[in-house]
Amino acid sequence: MTRLIYDGTFEGLLTAIFEIYDRRLTVVNLQKDGTGSSALFEDELQIITDDARANRVLKGLKTRLSANGVQRVYIAHFAGMEHEENNIAGYIRYAFDTQQNIEDDYGNKYVQRISQIVQMMRREKHRMEAFVRFQKLQDDTYYAAVEPDFNVLPLLIRHFKNRYADQKWMIYDVKRNYGIYYDLHDTEFVAMEFSASAPAGNAIAVFSEHEETYQHLWKNYFRSVNIASRKNTKLHLRHIPKRYWKHLTEKI
Amino acid sequence: MNVDRVTEKLNILADAAKYDVSCASSGSKRKNENKGLGNASNGICHSYTEDGRCVSLLKILLTNHCIFDCAYCVSRKSNDIKRAAFTVQEVVDLTINFYRRNYIEGLFLSSGIFKDADYTMERLVTIAKKLRTENNFNGYIHLKSIPGASDELMREAGLYADRLSVNLEMPTEAGLKLLAPDKNRQDMIDPMAFLNKEIIQRKEEKKLFKKAPMFAPAGQSTQVIIGATPENDQQILHTANHFYKNFNLKRVYYSGYVPVLADKRLPGLNTAVPMVRENRLYQADWLMRFYGFNVNEIVNSQQPLLDLDIDPKLGWAIRNMQAFPIDINKADLHMILRVPGIGLHSAQKIVSARKFAFLNWDQLKKIGVALNRAKYFITCKSGDYEKRDLTGTKIKQFILAESQSKYLKNVQSQLNLF
Ligand code: SF4
């Protein structure tokens with residue numbers, strides 16, 4: 001068993017794949033730098049990310065998978081779930097070692113797992129599209145704080161840009177401490193310094209004039225549409241898990 | 001804006017609109033091409049009420065004043081309640097400001113009847129027109145057409161709205177006569193036919209001229225109230241089927257009657273809302289629209305009622321044991337779709353995956369098949385078909401016993417919490 005330590009980037013992962021083929025390794029264990037414990041009797045290989053090698057692997061992958069298939073691998077990686085690199089690497093190796101396109105081979109454990117991860121990402125993306133609650137600030141920016149389970153902000157850009165083309169907005173991932181900002185033309189990634197007295201989730205101090213009115217109206221609306229005789233808490237919680245509540249205007 | 005007054009109106013007019021179930025905001029493809037506000041494409045549920053229903057649109061009445069007296073309706077003339085009416089501008093402002101904050105996908109606007117059908121309908125249309133033309137709004141708009149409104153207004157409504165609906169309210173004409181003596185079923189069917197004709201015609205135009213304006217791109221839907229009148233499921237689903245076939249309806253919504261009024265003609269005030277039945281009707285409706293079932297396979301004169309303890313697909317399967325077991329690695333997609341416990345996505349995955357290798361139980365489970373139900377109806381690579389000689393009745397017992405014990409476990413753990 002060879003342990004491959006890589007830097008956690010997609011290019012690093014692809015470089016590791018290159019090494020596996022270059023050195024004809026068969027049994028490997030891929031680990032992000034600093035996440036694993038060193039085991040005795042294991043060969044250890046430090047992967048130095050190499051863009052040229054990564055690119056060759058990516059090019060090869062593109063001949064084996066559809067554009068959509070390549071994108072799924074990418075999404076599965078930047079989801080940033082712990083200890084998934086071996087499944088992603090397994091998927092890539094399975095694609096290389098098989099003549100036909102393997103994307104739909106749902107009986108295979110790697111295809112199954114990647115499909116699961118992508119599904120989880122999609123679901124989280126969809127939840128964020130639903131649960132983002134913008135608050136209008138004095139400078140006319142619409143600001144929202146979120147705490148998604150997985151790293152989905154990059155997947156949200158297109159949706160929000162298409163939808164809110166005529167307002168400035170920012171969606172900030174409090175957990176991962178970065179956000180996306182749209183300035184009426186382009187979007188960019190931003191990181192902000194928040195102080196303890198004004199944490200990222202709290203923008204009340206800079207609300208625009210009518211912001212509180214509309215939050216109040218929305219809360220009222222939410223209460224009015226409930227039908228008490230049909231109350232179903234289990235179903236309610238399945239749709240809006242509690243961990244999302246603290247950023248939902250109607251639930252605060 | 002007078003915040004208190006608008007708050008009060010919102011409370012009254014959202015409360016009055018909440019029994020209308022059509023909240024879906026999908027089926028339209030309105031793009032934001034003009035750097036304006038919003039798009040209507042994928043129908044997001046932004047929140048959920050405590051009763052578990054999706055909140056996707058600002059669903060309100062323009063007014064709950066009404067000249068009619070339908071027995072099942074809280075806004076009926078003879079009901080002694082607070083009345084309110086929004087101004088056109090108030091509805092526009094609420095919609096835009098809620099939309100900008102990502103609370104909603106758009107507006108669902110319905111109304112009591114102020115003076116006459118046209119007078120009311122005209123106001124609904126004005127609101128939609130203002131949103132589209134003055135506010136550059138591309139979000140979803142669903143207008144409920146007022147029965148009896150003129151064709152001219154209906155046509156204009158179709159130019160601004162994504163979806164239009166005319167509610168049938170009662171599954172049969174007799175039911176309607178009983179509870180809504182002021183209303184006339186033909187007044188509902190005429191606009192449906194008109195819309196259907198118009199939608200088809202505009203679609204043809206759109207094929208020829210790309211620039212031709214959209215007309216109700218998300219089509220039309222309707223709602224029927226369940227359990228206020230004595231119709232059985234066969235009558236209800238046949239009505240739905242008739243409207244799907246002849247009027248190209250996109251959706252029929254089934255709304256379990258919530259007793260809100262004491263009236264001799266209606267179920268008593270403490271009657272439970274028929275929630276399970278409503279759910280079974282939706283499941284049956286799905287089978288008709290997506291799973292290739294004919295309405296007569298689901299309900300017929302031998303089987304006029306849907307089973308309340310099992311879903312209609314399982315019901316069909318155990319009445320048709322001669323069709324099973326099917327070999328999951330060979331059967332047609334259309335038969336796989338008929339297996340209880342296999343949904344649309346799983347069925348498609350199975351058909352893709354088996355091109356590589358035959359599938360076994362474990363793989364089926366990982367693909368997302370609910371084996372606790374499906375195992376009685378299929379064989380796969382593993383050969384050992386679970387329960388070869390069971391009758392339909394036995395299978396039903398097994399499945400119920402299993403879900404019962406799951407249910408009990410849940411109850412148990414909930415009790416432990418307190
Ligand atoms: S016409 Fe509509 S609003 Fe008026 S009482 Fe009948 S159902 Fe209610």
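Residues numbered from 1 in each chain as written. Chains lettered and ligands numbered in written order. Predicted model: local features only at pLDDT ≥ 70, side-chain atom pairs only at ≥ 80, totals over all residues. Heavy atoms only, no water.

The terminal C-alpha atoms of helix 5 (residues 109–131) of chain A lie 32 Å apart, and with 23 residues this matches the ideal 33 Å at 1.5 Å per residue to within 8%. If you check the start of helix 5 of chain A, you find a side-chain oxygen 2.8 Å away from the backbone N of Tyr110 of chain A, and it comes from Asn108 of chain A. (Helix = DSSP H or I, 4+ residues; strand = E, 2+ residues; numbered from the N terminus. Expected span 1.5 Å × (residues − 1). Polar contact = N/O pair within 3.5 Å; in protein donor to acceptor, adjacent residues only side chain to side chain.)

All names here are of chain B. Examined against the element boundaries, Asn360 turns out to sit in the loop between helix 12 (344–353) and helix 13 (361–367). When the C-alpha atoms of Asn360 and Lys381 are compared, they prove to be 4.9 Å apart, with 21 residues separating the residues in sequence. Those residues in contact with Asn360, other than ones at most four positions away along the chain, are Cys380, Lys381 and Ser382. Polar side-chain contacts of Asn360 include one of 3.2 Å to the backbone nitrogen of Asp362. A polar contact is formed between the side chain of Asn360 and the backbone nitrogen of Gln363, at a distance of 2.9 Å. (Contact = heavy atoms within 4.5 Å.)

What follows concerns the packing of helix 3 (residues 117–133) of chain B against helix 4 (residues 151–160) of chain B. When two helices pack together, their arrangement is given by the angle between the helix axes and the distance between those axes. Residues and elements named next belong to chain B. Between helix 3 and helix 4, the least distance of the axes is 9 Å, while the angle of their chain directions is 25 degrees. When the axis of helix 3 is compared with that of helix 4, the two are roughly parallel. Handedness of the helix 3/helix 4 crossing: left-handed. Taking contact as the criterion, the partners of Asp118, Met121, Glu122, Val125, Ala128, Lys129, Arg132 and Thr133 in helix 3 are, on helix 4, Leu153, Met154, Glu156, Ala157 and Tyr160. (Axes fitted to C-alpha atoms, helices over the stretch in contact; angles between N-to-C directions. Parallel < 35°, antiparallel > 145°, perpendicular 65-115°, else oblique. Left-handed = near helix turned anticlockwise from the far one by under 90°.)

Let's shift gears to the environment of Asp309 of chain B. Residues and elements named next belong to chain B. One can find Asp309 in the loop between helix 9 (295–298) and helix 10 (312–319). Along the primary structure Asp309 and Leu400 are separated by 91 residues, whereas in three dimensions their C-alpha atoms are 8.0 Å apart. Setting aside residues no more than four positions away along its own chain, Asp309 makes contact with Arg280, Lys396 and Leu400.

With that settled, consider the site of the ligand. All names here are of chain B. With respect to spatial proximity, the complete set of residues near the ligand consists of Cys66, Phe68, Cys70, Cys73, Arg76, Gly112, Ile113 and Lys183. In this structure the site holding the ligand corresponds to the largest cavity. Broken down by class, the residue content of the shell around the ligand amounts to five nonpolar, one polar and two charged. (Near = heavy atom within 4 Å. 1 Å grid on protein atoms, 1.4 Å probe; cavity = no way out; pocket = protein on both sides within 12 Å on 5 of 7 lines; lining within 4 Å. Sits in = over half its atoms within 2 Å of the grid points. Nonpolar A, V, L, I, M, F, W, Y, C, P; charged D, E, K, R; others polar.)

A few words now on the layout of surface pockets. All names here are of chain B. As a volume, the second largest pocket reaches approximately 600 Å³. The wall of the second largest pocket is formed by 21 residues, among which Lys29, Arg30, Lys31, Glu33 and Met214 lie closest to the centre. At the level of secondary structure, the elements contributing two or more residues to the lining of the second largest pocket comprise strand 1 (26–30), strand 2 (40–42) and helix 4. When its residues are assigned to classes, the lining of the second largest pocket shows seven nonpolar, six polar and eight charged. (Points joined across faces, edges and corners; volume = space filled by probe spheres on them.)

So, on to the pairing of strand 1 (residues 2–6) of chain A. All names here are of chain A. Burial of strand 1 is extensive: five of the five residues sit out of reach of the surface. Side chains Thr2, Leu4 and Tyr6 of strand 1 all project onto a buried face; the interleaved residues Arg3 and Ile5 project onto the opposite face, where all are buried too. With four bridges joining them, strand 1 and strand 3 (residues 43–46) adopt parallel strand pairing. The partner of Ile5 across the bridge, within strand 3, is Gln46. With five bridges joining them, strand 1 and strand 2 (residues 28–32) adopt parallel strand pairing. (Buried < 20%, exposed > 50% of the residue type's maximum accessible area, 1.4 Å probe, protein only. Pairing = 2+ DSSP bridges.)

Turning next to the interface of chain B and chain A. Reports of interface size often rely on the accessible area that becomes lost once the parts have come together. Contact residues are listed per partner, giving 58 residues for chain B and 56 residues for chain A. Interface of chain B and chain A: buried area, both sides summed, is about 5,200 Å²; carbon and sulfur atoms make up 54% of it. In terms of surface lost to chain A, no three residues of chain B exceed Glu50, Arg101 and Phe356 of chain B, which account for 15% of the buried area on that side. Taken together, the connections running from chain B to chain A amount to three salt bridges. The closest approach of N and O atoms between Arg101 of chain B and Glu211 of chain A, which form a salt bridge, is 2.8 Å. Put simply, chain B and chain A have 34 residue pairs in polar contact (both at pLDDT 80 or more) between them. Secondary-structure elements contributing two or more residues to the side of chain B that touches chain A are helix 1 (3–15), strand 3 (47–48), strand 5 (57–61), helix 2 (88–100), helix 8 (275–290), helix 12, helix 13 and helix 15 (392–417) of chain B. Considering each element in turn, the side of chain B that touches chain A owes the most residues, seven residues, to helix 1 of chain B. Class assignment for the residues of the side of chain B that touches chain A results in 26 nonpolar, 18 polar and 14 charged. (Buried area = accessible area lost by both parts, 1.4 Å probe. Salt bridge = Lys/Arg side-chain N within 4 Å of Asp/Glu carboxyl O.)

A word on the sheet that holds strand 4 (residues 135–136) of chain A. Residue and element names in this part refer to chain A. Taken together, the five strands give an open sheet; going across it, the order is 4-5-6-7-8, and neighbouring strands pair in mixed fashion. Of all strands in the sheet, those bounded by a partner on one side alone are strand 4 and strand 8 (187–190). Where strand 6 (residues 168–173) meets strand 7 (residues 178–182), five bridges bridge the pair, whose relative direction is antiparallel. For Tyr172, the partnering residue across the bridge sits in strand 7 and is Gly179. Each of strand 5 (141–146), strand 6, strand 7 and strand 8 touches helix 6 (residues 153–163); the most contacted strand, strand 7, lies at about 20 degrees to it.

Once that is clear, we can look at helix 10 of chain B. In terms of residue burial, helix 10 of chain B counts as a mostly covered element, since seven of its eight residues are buried. Taken together, the buried positions of helix 10 of chain B are occupied by Pro312, Lys313, Leu314, Gly315, Trp316, Ala317 and Ile318 of chain B.

Shape descriptors only; they carry no functional weight alone.
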